[in-house]
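Fold and contact review
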Amino acid sequence: MTNTAFGIDIGGSGIKGARVDLDTGEFIGDRLKIATPSPATPDAVAETVAEILRQAEWDGDVGITLPSVVKDQVALSAANIDKSWIGTNVDELFHNHLGGREISVLNDADAAGLAEAAFGDPRARQGAVIFLTFGTGIGSAFLINGELFPNTELGHLEVDGKEAEHRASSAVKEREELSYKKWAKRVSKVLLEYERLFSPQVFLVGGGISREYERWVPLLTNDVTVIPAQLRNRAGIVGAAMAVTQRVAP
Ligand code: BGC
């Protein structure tokens, strides 16, 4: 029998899910997507997750990502999601909507980092690696030989008096209409601060903008090697499925 679980990736605009083959990191069947409800309250989002599972006819284990700190299965932050998530016991919430199955909820960047380490560039599973996603915010995952130290939230580290994600997320690039050159300068500054504090062997960069990495990674002036993530928009779903199988439930 194939080693499979279902992964769900909760984002600001869409909630996406697929069945994942955990031996290969590939999807089995189609990826399903439903627009994130508005307002994206915990109950409305959990009901959308239930709808995806009904459509997929899946009643097995489910891993779920959230763009939030998740500690002891309680959401503790909500930088880019509805504030009502703060303090929500996500284990209870999702069991109420999805019934009695195995469920793990973890931070979106942590999930993507786990997946990249398992199925992406081999350098992502060697030594001390910092994985970063550039999107609405900046998400981070600390990996040591492919194992996760969860909830690192480097996007909120202040660099020159301003949170990193307010300076250098890809949403900021769009909003301020920055050229790649200008944006790369800001990203370099952020990476230099991260390397001063954590000395990783490699930075791994993901998020939609990593598809165009050849337009900005060569412009970076920090010291540590930066490599692009490989799983693209599969990473969150695959990492979520891995988390429930490995019982990673921060
Ligand atoms: C949140 C993180 C999340 C990241 C990417 C940040 O604003 O605080 O928890 O991983 O955005 O979605």
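As the structure is a computational prediction, the values presented were derived from the model and not from experiment. (Residues numbered from 1 in each chain as written. Predicted model: local features only at pLDDT ≥ 70, side-chain atom pairs only at ≥ 80, totals over all residues. Heavy atoms only, no water.)

A word on the environment of threonine 245
To be explicit about the condition: A run of H or I in DSSP counts as a helix once it spans at least four residues, and a run of E counts as a strand once it spans at least two, with each numbered from the N terminus. Any two residues whose heavy atoms approach within 4.5 Å are treated as being in contact.
By secondary structure assignment, the location of threonine 245 is in helix 8 (residues 235-245). Discounting residues that sit within four places of it in the chain, threonine 245 has contacts with Asn3, Ala5 and Leu22.

Considering the domain arrangement of the protein chain
Note the following rule: Note that domain bounds follow an automatic or database assignment of domains. In this description, buried area is defined as the sum, over both parts, of the accessible area (probe of 1.4 Å) that is lost when the two are combined. By convention in these notes, a salt bridge is any Lys or Arg side-chain nitrogen within 4 Å of a carboxyl oxygen on Asp or Glu. Any pair of N or O atoms that falls within 3.5 Å is considered a polar contact. Within protein, one atom must be able to donate a hydrogen and the other to accept it, and sequence-neighbouring residues count only if both atoms are side-chain atoms. Think of it as three bins: nonpolar holds Ala, Val, Leu, Ile, Met, Phe, Trp, Tyr, Cys and Pro, charged holds Asp, Glu, Lys and Arg, and polar takes everything else, Gly as well.
When the domains of the protein chain are assigned, the result is domain 1 (4-110 + 235-245) and domain 2 (121-229). Averaged C-alpha coordinates put domain 1 and domain 2 at centres separated by 24 Å. Counting residues at the interface gives 9 residues for domain 1 and 14 residues for domain 2. For the pairing of domain 1 and domain 2, the buried interface totals around 750 Å² over both sides, and the portion due to carbon and sulfur atoms is 49%. Area buried by domain 1 at its contact with domain 2 is led by Asn80, Ala109 and Asp110, which between them contribute 61% of it. Counting every contact that joins domain 1 to domain 2 gives 0 salt bridges. Put simply, domain 1 and domain 2 have 2 residue pairs in polar contact (both at pLDDT 80 or more) between them. When residues of the side of domain 1 that touches domain 2 are traced back to their parent elements, those giving at least two are strand 5 (70-71) and helix 3 (108-119). For the side of domain 1 that touches domain 2, the class distribution of residues is 4 nonpolar, 3 polar and 2 charged.

What about helix 1 (residues 42-56)?
To be explicit about the condition: To estimate how far a helix should reach, multiply one less than its number of residues by 1.5 Å.
If you check helix 1, its first and last C-alpha atoms are 21 Å apart, about what 15 residues at 1.5 Å a residue would give, namely 21 Å. In the core, the buried residues of helix 1 are packed alongside strand 1 (4-10), strand 2 (14-21), strand 3 (26-35), strand 4 (62-66) and helix 2 (90-98). Backbone geometry just after helix 1 places glutamate 57 at a positive phi near 55 degrees.

A look at the site of the ligand
For clarity, the cut-off: Any residue with a heavy atom lying within 4 Å of a molecule or strand is counted as near it. With residues, only the protein chains shown are counted as cover, and all accessible areas are computed by Shrake-Rupley using a 1.4 Å probe.
Around the ligand, the neighbouring residues are Pro67, Ser68, Ala79, Asn80, Asn107, Asp108, Ala109, Ile138, Gly139, Glu153, His156 and Glu165. Measuring from an oxygen atom of the ligand, one finds a backbone N or O atom of serine 68 at 3.5 Å. A distance of 2.5 Å separates an oxygen atom of the ligand from a polar atom in the side chain of aspartate 108. Starting from 310 Å² of accessible surface for the ligand in isolation, the protein chains cover 92%. Contributing elements (two or more residues each) for the shell around the ligand: helix 3 and strand 9 (138-144). Counting residues domain by domain, the shell around the ligand receives three or more from each of domain 1 (4-110 + 235-245) and domain 2 (121-229).

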